[in-house]
Amino acid sequence: MPRKAPRRTAERILETTLVLFNRFGEPNVSTTLIANELGISPGNLYYHYPAKDELVNALFERYEQALTPVLDAAGGVRDVEGAWFFLHTLFETLWEHRFLYRDLNDLLSRNRLLETRLQGVIAHKTRALRGMLTHLGLHGAVDMDSREVAPTADSMVVLLTYWLSFEFVRAPRQALEPEHAGQALWRGAWHVLHQLTPYLEPAQRQHLRQLADAYRPATASTEREETA
């Protein structure tokens, strides 16, 4: 059986950096730690990424590439079930790059390129959610005055942007660990979609609650009742 070609060092560096950033937070991970984790010299790492910000920017570019097709799918959402799965997919993408949201303010204060690019991501999220709300209205899932679309979409974007920070503040030593992903993503999707409750048609509102119950992790058994 032919041996697989070894992964390029630059790719291995990014993959390991993402794991470490997600687990410990970007400010707590040095380039020396990354090199030690990979078993390479710091000079080898610097050859590929001369500064830590370059690692952050490369990972953000990956995040943008993963996020774009997810957001572009918002226009195809026609009912609350489609919205539920759209939000879950979106939160899964955020979760895979959760260090960006955990350390958001610190990163933005030091990285002007990231500041500009993140503003573009926020704008894309906003357009996507406004489009989703418009399509839900066109297909009779929500009864929403057109003047409510923009502020409701903005509220949903705020939750999307700061939900993982909220999870981290609630339980700093465990909330963003992989074993808690299901709970964090379920709660995030539920709270974002809960913004639509006043506008959902009765059958759609009931279906949202059924979806929340069906996909609720066992350890989050009281979350929906607490927030209903």
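What you see is a predicted model, and the numbers here were worked out from it, not measured in a lab.

## What about the overall build of the chain?
- Broken down by element type, the chain carries 12 helices and 0 strands.
- Its C-alpha atoms put the chain at 60 × 45 × 35 Å along the principal axes.
- Expressed as a percentage of the 228 residues in the chain, the buried residues total 46%.
- Pairs at least 24 residues apart make up 74% of the contacts formed inside the chain by residues separated by at least 6 positions.
- Put simply, the chain shows about 11,600 Å² of open surface, and 52% of that area lies on carbon and sulfur atoms.
- Charge-centre separation for the chain: the mean point of 25 positive side chains lies 4 Å from the mean point of 28 negative side chains.

## Description of the packing of aromatic side chains
- According to the stated counting rule, one finds 6 aromatic pairs in the structure shown.
- Measuring from ring centre to ring centre gives 6.1 Å for Tyr63 and Tyr101, while their planes differ by 80°; the resulting arrangement is edge-to-face. Linking Tyr63 in helix α4 (residues 52–72) with Tyr101 in helix α6 (residues 99–102), this pair joins segments that are 38 residues apart in sequence. Each member of the pair, Tyr63 as well as Tyr101, carries the same accessibility label: buried.
- These aromatic residues form a ring-pair network of at least three members: Phe60, Tyr63 and Tyr101.

## Concerning the pattern of salt bridges
- Tallied over the full model, the rule gives 13 salt bridges.
- Arg110 is paired through a salt bridge with Asp53; the nearest N and O atoms lie 3.7 Å apart. Within this pair, whereas Arg110 is found in helix α7 (residues 104–110), its partner Asp53 is found in helix α4, the two being separated by 57 residues in sequence.
- Salt-bridge contacts for Glu167 lead to Arg187; the nearest nitrogen and oxygen are separated by 2.8 Å. Placement of the pair is Glu167 in helix α9 (residues 146–170) and Arg187 in helix α10 (residues 181–194), with a sequence separation of 20 residues.
- With relative accessibility at 2%, the residue Glu167 sits in the buried group.

## Side note on the environment of Asp103
- With respect to the secondary-structure elements, Asp103 resides in the loop between α6 and α7.
- Taking the C-alpha atoms as reference points, Asp103 and Val19, 84 residues apart in sequence, are found 14 Å from one another.
- Residues within four places of Asp103 in sequence aside, it is in contact with Gly25, Glu26 and Pro27.
- Within polar-contact distance, the side chain of Asp103 engages the backbone nitrogen of Glu26 at 2.8 Å.

## Focus: the packing of helix α5 (residues 80–96) against α9
- Here α5 crosses α9 at 50°, and the two axes come no closer than 11 Å. One way to sum up the angle between α5 and α9 is to call them oblique. Judged by the twist between their axes, the crossing of α5 over α9 is right-handed. Taking contact as the criterion, the partners of Leu87, Leu90, Phe91, Leu94 and Trp95 in α5 are, on α9, Leu160, Trp163 and Leu164.
- Taken together, the residues of the contact of α5 with α9 break down into 8 nonpolar, no polar and no charged.

## Some thoughts on the confidence of the model for the chain
- Here the chain averages 88 in pLDDT, while 93% of its residues score no lower than 70.
- Per-element averaging of pLDDT across the chain places helix α12 (residues 223–227) at the bottom with 45 and helix α2 (residues 31–38) at the top with 96.
- The low-confidence segment residues 1–6, where pLDDT is below 50, has 0 contacts with residues more than four positions distant or belonging to other chains.
- Between residues 220–228, whose pLDDT stays under 50, and residues either more than four places distant or in other chains, the model counts 18 contacts.

## What about the side chain of Arg98?
- Residue position: Arg98 is located in the loop between α5 and α6.
- Glu177 provides the closest opposite charge to the buried, unpaired Arg98, separated from it by 6.4 Å.
- Here Arg98 is in contact with Asn22, Leu164, Leu176 and Pro178, once residues within four sequence places are set aside.

## Observations concerning α5
- With 17 residues, α5 extends 24 Å between its outermost C-alpha atoms, agreeing within 8% with the 24 Å of an ideal straight helix rising 1.5 Å per residue.
- Within α5, the full set of buried residues consists of Val80, Ala83, Trp84, Phe86, Leu87, His88, Leu90, Phe91, Thr93, Leu94 and Trp95.

Conventions we followed
Here the residue numbers are simple positions, counted from 1 along each chain's written sequence. Residues qualify for local features only when their pLDDT is at least 70, as the model is predicted, and side-chain atom pairs are given and counted only at 80 or more; totals for whole chains, interfaces and linings, by contrast, use all residues. Side-chain descriptors were evaluated using all non-hydrogen atoms of the structure, hydrogens and water having been removed beforehand. Secondary structure is summarised from DSSP: a helix means a run of H or I of at least four residues, a strand means a run of E of at least two, and numbering begins at the N terminus for each. The classification of residues rests on relative accessible area computed with a 1.4 Å probe and restricted to protein chains. Under 20% of the type maximum is buried, over 50% is exposed, and intermediate values are partly exposed. When checking whether two residues touch, look at their non-hydrogen atoms; a contact exists if any pair is within 4.5 Å. Here the Shrake-Rupley method, with its probe set to 1.4 Å, supplies the accessible areas, and only the displayed protein chains count as covering residues. Charged-residue counts in this description rest on Lys and Arg as positive and Asp and Glu as negative, His and the chain ends being excluded. The atoms used to mark charge sites are NZ of Lys, CZ of Arg, CG of Asp and CD of Glu. The pairing test for Phe, Tyr and Trp rings, Trp by its six-membered ring, is centres within 6.5 Å, and the orientation test on the planes gives stacked under 30 degrees, edge-to-face over 60, and tilted for anything in between. The term salt bridge refers to a side-chain nitrogen of Lys or Arg lying within 4 Å of a carboxyl oxygen of Asp or Glu. We define a polar contact as two N or O atoms separated by no more than 3.5 Å, with the added condition that, inside protein, one atom must be a possible hydrogen donor and the other a possible acceptor, whereas residues neighbouring each other in sequence contribute only through side-chain atom pairs. Axes here refer to lines fitted to C-alpha atoms; in helices the fit is confined to the stretch in contact. Angles between the N-to-C directions go from 0 to 180 degrees. For classification, angles of less than 35 degrees are called roughly parallel, those exceeding 145 degrees roughly antiparallel, those between 65 and 115 degrees roughly perpendicular, and all remaining angles oblique. Handedness of a helix crossing follows the sense of rotation of the near helix relative to the far helix, less than a right angle counterclockwise being left-handed and clockwise being right-handed. Polarity classes work like this: nonpolar for Ala, Val, Leu, Ile, Met, Phe, Trp, Tyr, Cys and Pro, charged for Asp, Glu, Lys and Arg, and polar for all others, with Gly in that last group. Confidence of the predictor at the level of single residues is captured by pLDDT, which takes values from 0 to 100. Given a helix with a known number of residues, its expected span is that number minus one, times 1.5 Å.

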